[in-house]
Amino acid sequence: MVSVALPKLKGQRLFWVVSLALILSDTAFIAINYHSAKSVLDEQLNRQGAQFRETFDLSVRQTALFMQQVATFVGHDRVATALFAEGVRAVHEEGGGPGPGGEQAALLRERLFRHLEASWRAMHEQYDIRQLHYHLAPGSHSYLRVHKPGRFGDDMSDLRHIIATVNDTLEPAVGFESGRIYAGIRGVVALFEPGDDGQPGRHIGALEAGTSFNHTLDNVREVLGIDVAVLMTMDHARATMWPDLLRQFMREHRANDDFLVDSTTSEQAIDLVALPEIADLYQNPGTRLVRFGGRDVAVTGFQLRDFAGQRDPARTASGLVLGWFDATGMVAGFRQGVWTNIVYGVIGFLVVESLLFWLWAVGTRRLVREIDIATVALREQVAERDKLAKALEHAAHTDALTQIANRRHFYQFGERALNYARRKRHPLSLLMIDVDLFKDVNDQFGHPVGDEVLRVVARRCVEVIREYDLVARIGGEEFACILTESSEDEAIDIAERLRVALKQPLPTRAGELRLTVSVGLATTPDGADSLEVLMSSADQALYTAKRGGRDRISVWHMGPVNGD
């Protein structure tokens, strides 16, 4: 071998140039890995934020439609409508137009209130109805607030746009809107004087039913496992509520210069509102990671627009909807991945730098070979990075105990499968599976044995269903299966095989246990036109199976299918 000696100064300069190139290369490698891992984290947070907004909007819509049904139901009370019609005539005769009216109007208002008082209290206690309000036309003039009968006669035409719209179009409407007393989700219908032939007579006003956001927020929290809050801007609250009631509301609810906490599932909202990031979410909706209570918290915020704001996007938003959850585990995984890459990068640099120093001593030819070795090491680091990213992705979609799909992945898969089934006009079935008397297992043998049972149940479900279907643990001892392109008869066959398989002895540390399961089944299109309703249908069938004696299958609208 012929060795060519380089001048000392030139060799040192080349050594430092190569070293600098290695430093820059390692730095670029670490930066690329950081941004790649950060992109995965951001994508997960944004996906969860989008799911939160969709769930919130759907829950608000369902609540508003229920309020419309309540208003329609009360509006069909012929006695109440006749009393309201008499009251409208009295107001015009005694006051010359919409307004509080005089003595006769007051008497009729009292009679209407007494007629509705008992049913109003029942609706309030059973369904959390907060508002029942009769309005005069045109515009919006308060005739009777059943929920607060002492306040009436005020003109709200410039405030209650949903009422003015119904009195103008005579068509029912739903939406969120603030009032003098409450902000809430409302359903409004037009009222007509009872005609002699049973047909509606002349238009006399509108009836409104409304409720707070509390039930809606509880639904969202139950489905997604996150805390939620509805904030009103202080400008909007001052412009809509009576001053004395606003002061009372502010004493009972936390407020700052920008927002008033209207409804929330957690008292954390009181301190969360004070963060500067919350005001930024009002201007720039999206998902942010914030430090709160010493933990990393993911916060999603989007503007709350009332009925008029939805019809006119140029109007200022009424408030802000927040959803947040503890993201400490996700952030810790991201940081661990970043630090792992940094450590690998530093170690790789030191190894390569040492090799480089030695290579200068033995000759340039061997340098090429060692650089190849370093390149392989870098490729292994990239492969390790990819492995960490896949581990993060797996953890986000997998139930930690049973190693099958978790609730969040079940919803994502179910929405895609239902959309595909609609487009192709194929049937889709959903099974809700619950282990019978599972609490007795935990009470008698302890939670470790209960966990073993859940793992065996999950494994047997996976063995029975087809590879292109999905089974997930959605909470406790409850599992769910999405059966794609499955008719009701096919789904019943699969459900029966599941029931029989899970009835076989289950091996545990406490010995073989014999348990049974109850199964509820729902199939599109009769079962539902949305995943939430399909799950609700299957869940109702599950409860039918439970009530029927357990260890059986119940089909939505078809009754139980007897097991052995």
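Residue positions are given per chain, counting from 1 as you read along its sequence in written order. A pLDDT threshold of at least 70 governs which residues receive local features in this predicted model, and a stricter bar of 80 or more applies before side-chain atom pairs are shown or counted, although totals over entire chains, interfaces and linings include all residues. No hydrogens and no water enter the side-chain calculation; it runs on all heavy atoms of the structure.

## Focus on the overall build of the protein
When its secondary structure is counted, the protein shows 17 helices and 18 strands. A simple rule labels every residue: compare its accessible area, found with a 1.4 Å probe on the protein chains alone, to the largest value its type can have, and call it buried under 20%, exposed over 50%, or partly exposed in between. With 564 residues in all, the protein has 48% of them scored as buried. Per element, the accessible surface of the protein, about 28200 Å² overall, is 54% carbon and sulfur. Put simply, DSSP marks the helices as runs of H or I at least four residues long and the strands as runs of E at least two long, and each gets a number from the N terminus on. Here the Shrake-Rupley method, with its probe set to 1.4 Å, supplies the accessible areas, and only the displayed protein chains count as covering residues.

## Examining the nonpolar core
For this analysis, a nonpolar core means a set of buried residues of the types Ala, Val, Leu, Ile, Met, Phe, Trp, Tyr and Cys, connected via side-chain atoms within 4.5 Å. In terms of nonpolar packing, the biggest core is built from 35 residues, with L431, I433, V453, V457, F479, C481 and L498 touching the most fellow members. At the level of elements, β11 (428-435), α14 (438-445), α15 (447-464), β13 (478-484), α16 (488-503), β16 (517-523) and β17 (553-555) are the ones that each hand at least two residues to this core. Ranked by residue count, the leading element in this core is α15, at eight residues. A contact between two residues is defined here by any heavy atoms of the two lying within 4.5 Å. Setting aside its immediate chain neighbours within four residues, L431 contacts F479, A480, C481, L483, A491, A495, L498, V519, G520 and L521.

## Here we look at the pairing of strand β9 (residues 295-304)
Taking burial as the measure, the 10 residues of β9 include eight buried ones, the bulk of the element. Alignment of strand β8 (residues 286-292) against β9, held across seven bridges, turns out to be antiparallel. Across the sheet, residue V290 finds its bridge partner in β9, namely V297. In the sheet, β9 pairs with strand β10 (residues 319-326) via eight bridges, with the strands oriented antiparallel. The residue of β10 that forms the bridge with L304 is G319. If DSSP finds at least two bridges between two strands, the strands pair.

## Structural notes on the pattern of salt bridges
For salt bridges, the criterion is a side-chain nitrogen of Lys or Arg within 4 Å of an Asp or Glu carboxyl oxygen. Enumeration over the complete set of coordinates arrives at 30 salt bridges. Two residues, D57 and R53, come together in a salt bridge whose shortest N-O distance is 4.0 Å. Taken as a pair, D57 and R53 lie in helix α1 (residues 8-75) at a separation of four residues, close to a single helical turn. Looking at D57, the relative accessible area reads 39%, which means it is partly exposed.

## Details of the packing of helix α2 (residues 78-95) against helix α3 (residues 103-127)
Lines are fitted to the C-alpha atoms to define the axes, a helix being fitted only along its stretch in contact, and any angle between axes, read from their N-to-C directions, falls within 0 to 180 degrees. Running from N to C, α2 and α3 cross one another at 165°; their axes reach a closest spacing of 8 Å. Overall, the two elements α2 and α3 adopt an arrangement that is roughly antiparallel. Where α2 crosses over α3, the handedness of that crossing is left-handed. Counting all contacts with α2, which are made through V79, A80, L83, F84, E86, G87, A90, V91 and E94, the residues of α3 involved are E103, Q104, A105, L108, R111, L112, H115 and L116. Among the residues forming the contact of α2 with α3, the class breakdown is 10 nonpolar, three polar and four charged. Angular relationships are summarised with four words: roughly parallel below 35 degrees, roughly antiparallel beyond 145, roughly perpendicular across 65 to 115, and oblique for the angles in between. Here a crossing is taken to be left-handed if its near helix is turned anticlockwise relative to the far helix by less than a right angle, and right-handed if that turn runs clockwise. Throughout, the ten residues Ala, Val, Leu, Ile, Met, Phe, Trp, Tyr, Cys and Pro are labelled nonpolar, Asp, Glu, Lys and Arg are labelled charged, and all others, Gly among them, are labelled polar.

## Side note on unusual backbone geometry
Here the bond from A137 into P138 is cis, since omega is 0°, no more than 30 degrees from zero. The phi dihedral of Q403 is positive, around 60°, even though this residue is not glycine. Within the secondary structure, Q403 sits in the loop between α12 (364-397) and α13 (407-424).

## Considerations on the packing of aromatic side chains
By convention here, two paired aromatic rings are described through the distance between centres and the angle between planes. Side-chain rings of Phe, Tyr and Trp, where Trp is taken by its six-membered ring, are said to pair if the distance between their centres is within 6.5 Å; with planes under 30 degrees apart they count as stacked, over 60 as edge-to-face, and otherwise as tilted. Under the definition given, this model contains 10 aromatic pairs. With a centroid separation of 5.5 Å and an interplanar angle of 50°, the aromatic rings of F176 and F213 are classed as tilted. One end of the pair, F176, is in strand β3 (residues 173-178); the other, F213, is in the loop between β5 (200-211) and α5 (214-224), with 37 residues separating them in the sequence. Since its relative accessible area comes to 4%, F176 is described here as buried.

## What to know about the sheet that holds strand β2 (residues 141-145)
On the basis of which strands lie adjacent, the open sheet formed by five strands has the order β2-β1-β5-β4-β3 and antiparallel pairing. Single-partner strands in this sheet number two, and they are β2 and β3. Taking the axes of each pair of neighbouring strands and ignoring which way they run, one obtains an average angle of 35° across the sheet. The pairing of strand β1 (residues 131-136) with β5 spans six bridges and is classified as antiparallel. Considered in β5, the bridge of Q131 is made with G210. Against the sheet, α2 contacts β1, β2, β4 (183-194) and β5, and its axis sits at roughly 110° relative to β5. On top of the sheet, helix α4 (residues 161-169) reaches β1, β3, β4 and β5; it is set at about 150° to β3, its chief contact.

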